[in-house]
Structure formats: C-alpha cells, structure tokens
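Listed here are the chains, written in short residue letters.
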Amino acid sequence: MKVSYHGHSIVKVETNGKTILIDPFITGNDLTDLKVENEQPDFIILTHGHGDHVGDTVELAKKSNALVIAVNELATYLSHQGVNAHPMHIGGSREFEFGRVKFTQAFHGSGIEQEDGTFLYMGMPAGVLLMAEGKTIYHAGDTGIFSDMKLIGELHPIDLAFLPIGDNFTMGPDDAALAAKFLQAKQVVPIHFNTFPPIQQDPHAFAEKLEAKNGKVLEPGQLLEL
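The next thing to look at is the overall build of the protein chain. On a plain count of helices and strands, the protein chain comes out with six helices and 15 strands. By residue count, 55% of the 226 residues in the protein chain fall in the buried class. Counting contacts in the protein chain only where the partners sit at least 6 residues apart, residues at least 24 apart contribute 58% of the total. On the protein chain, roughly 9,600 Å² of surface is accessible, and the fraction owed to carbon and sulfur atoms is 47%.

Counted residue by residue, strand β13 (residues 160–164) has five buried out of five residues, so it is predominantly covered. Alternating positions in β13 separate into two faces, Leu160, Phe162 and Pro164 on one and Ala161 and Leu163 on the other, with burial throughout. Handedness of the strand β12 (residues 135–139)-helix α4 (residues 149–155)-β13 crossover: right-handed. Note: β13 against strand β14 (residues 187–191), five bridges, orientation parallel. In the strand pairing of β14, Phe162 is matched with Val189.

Let's shift gears to the pairing of strand β1 (residues 2–5). Across four bridges, β1 lies against strand β2 (residues 11–15) in antiparallel orientation. Across the sheet, residue Ser4 finds its bridge partner in β2, namely Lys12. Following β1, the chain reverses through five residues before pairing antiparallel with β2; Gly7 in that reversal takes a positive phi of roughly 85°. Across three bridges, the pairing between β1 and strand β15 (residues 223–225) is antiparallel.

Here we take up the packing of aromatic side chains. If you walk through the whole model with that rule in mind, you get five aromatic pairs. For the ring pair Phe96 and Phe98, a centre distance of 5.9 Å and an interplane angle of 5° mean the geometry is stacked. For Phe96, a relative accessible area of 11% corresponds to the buried category. Through successive ring pairs, a cluster of aromatic residues spans Phe43, Phe96 and Phe98.

Let us look at the environment of Ile145. With respect to the element layout, Ile145 can be found in the loop between β12 and α4. Take Ile145: its relative accessible area is 27%, and that puts it in the partly exposed class. Note: C-alpha distance between Ile145 and Ala180 (35 residues apart in sequence) is 9.7 Å. Residue contacts for Ile145: discarding those within four places in its chain leaves Met171, Asp175, Leu178, Ala179 and Phe182.

A word on helix α2 (residues 57–64). Looking only at α2, the buried set comprises Thr57, Leu60, Ala61 and Ser64. Buried residues of α2 fall within an arc of 95° about the axis and therefore sit on the same side. The inward-facing, buried residues of α2 abut β3 (18–22), β4 (43–45), α1 (51–54), β5 (67–71) and α3 (72–79). Phi turns positive one or two residues past the end of α2, at Asn65, with a value near 60°.

Moving on: the sheet that holds β3. For sheets, the rule is that strands pair by backbone hydrogen bonds, running either parallel or antiparallel. With respect to topology, seven strands assemble into an open sheet ordered β6-β5-β4-β3-β2-β1-β15, the strand pairing being mixed. Either end of the sheet is taken by a strand with one partner, and the two such strands are β6 (85–88) and β15. Across the sheet, the mean angle from the axis of one strand to that of its neighbour is 20°, orientation sign disregarded.

Glancing now at the sheet that holds strand β11 (residues 126–132). If you walk across this open sheet you meet the six strands as β7-β8-β11-β12-β13-β14, and the pairing is mixed. Edge positions in the open sheet fall to β7 (93–95) and β14, since each of these has one partner strand only. Strand-to-strand twist of the sheet, defined as the mean angle between neighbouring strand axes without regard to direction, takes the value 15°. Across the face of the sheet, helix α5 (residues 173–183) comes into contact with β12, β13 and β14 while running at roughly 155° to β13.

As a further point, take a nonpolar patch on the surface. The grouping of Ile90, Tyr121 and Met124 at the surface amounts to a nonpolar patch, some 300 Å² of accessible area in total. Tracing the backbone through its elements, the reader meets Tyr121 in strand β10 (residues 119–121).

Parameters and conventions
- Residues numbered from 1 in each chain as written.
- Predicted model: local features only at pLDDT ≥ 70, side-chain atom pairs only at ≥ 80, totals over all residues.
- Heavy atoms only, no water.
- Helix = DSSP H or I, 4+ residues; strand = E, 2+ residues; numbered from the N terminus.
- Buried < 20%, exposed > 50% of the residue type's maximum accessible area, 1.4 Å probe, protein only.
- Contact = heavy atoms within 4.5 Å.
- Areas by Shrake-Rupley, 256 points an atom, 1.4 Å probe, with all protein chains shown as cover.
- Right-handed = clockwise from strand over helix to strand, strands pointing away.
- Pairing = 2+ DSSP bridges.
- Phe/Tyr/Trp six-rings, centres within 6.5 Å; stacked < 30°, edge-to-face > 60°.
- Arc of directions from axis to C-beta.
- Axes fitted to C-alpha atoms, helices over the stretch in contact; angles between N-to-C directions.
- Patch = residues over 30% accessible without salt bridge, like charges linked within 9 Å, V, L, I, M, F, W, Y side chains within 5 Å.
- Salt bridge = Lys/Arg side-chain N within 4 Å of Asp/Glu carboxyl O.

Structure follows, in structure tokens:
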C-alpha cells in the first residue's frame, strides 16, 4: 500500500489496484504538488463539507467517474451536482473494492458557503478509518481533541494516523500530541497546517512533542509504504 501526503489535508492511498483521494483541495492550495488535470482517482473520500476539503471533488469525480464516499447530507448534495456518491454516516462501515471505510466522529463544522454568505448544512463532520491489505489508516479530518480517540485506537489498531495541528480551526500541536497518545498509532503524520496565515505551525516541533517519537513529517508528494 502506498500512502502519500499532498498539502493541507490531502492524502492519496494506492491499494488493491485502486487510487483513493481524501479531501482533494487542489485549486487554491498553494502547498499541494497535485494538478487536477493529472489526477484520476477511482474513489474520493470526504471528511466534511468545507471548501478546503471538498475542494475539486466534483470536477475530479466527473472526469474520472470516481465514486465519492461521504456522510449522507454531503453525499446527497454532491449527487445533485452530477457526481456518483455513496452516502454513509458516523459509526457505519462498508466494504468497497479497495477495502473497508468507517466514519468516526469529529468535532468541527460542515457546510458549503453560498454566494450570499449563507451556508448549506452538510451533515456532521467526520474522521475516516480506511482498512486495506491488513493495514488501518486514520484521517482525523478537522477536529478538536476528544477522549474517545482512545476507543477508536482500541477498536481499530492504527498503523498510520493523519492529525491536524494547525490550531485556530482544529487541534493545535499540544492537543494533537495528546491525541496521538490516545490513538496509539504506529506512525503519526501532521496535516492541516501552513496553508493559511491562521494555521502556521512547525510540523517538526510537533513531531518532537510526541511521547512515542513516532512522528513523520511528510513534504507534499512524499510517499510512505505500509
């Protein structure tokens, strides 16, 4: 299994002959190495309905016929945009061609801003457990810390966790370090930092905070094999 990070919260997973993109915010993301025209995902998984996570989902899904996996409200909204979407919700899991997906809780918001400044509610925000080839990846999405991260780690031993560290909108480095301890993941990768001025952080300083010394800072485009 190949897992790569691409700036902000974008994660690409290549497993069982399929390519999965999580939160493909490419256009407007100065930190990503990806280009929309070059990506051909088979599946897109979304953690929540904010623009810096939904990103280029509609364009990518239409051009590659990717199946979009998201919580029910967001999946339904995207299906009305002409996208092939599969609705799920927190606590539910399902087997797909590449492996199993389970949505976890996250503490954040979820909505798409309209031109008049109002928001369309997009259901609950979520984290994602992706299980394939005997490995488990946890993408926390945007969230504050919560003690049930201990339970997530107990129920699904995590090989690789992607945790937001940007502060302001999500956990900051101190809370994320405690979250890593709760989760007991084998490796922890920081995400959701440095894209915008309010979320400037030093990911290497975060990695040094980890009690288990299991932090791995990935540059955009850098790959891990599980």
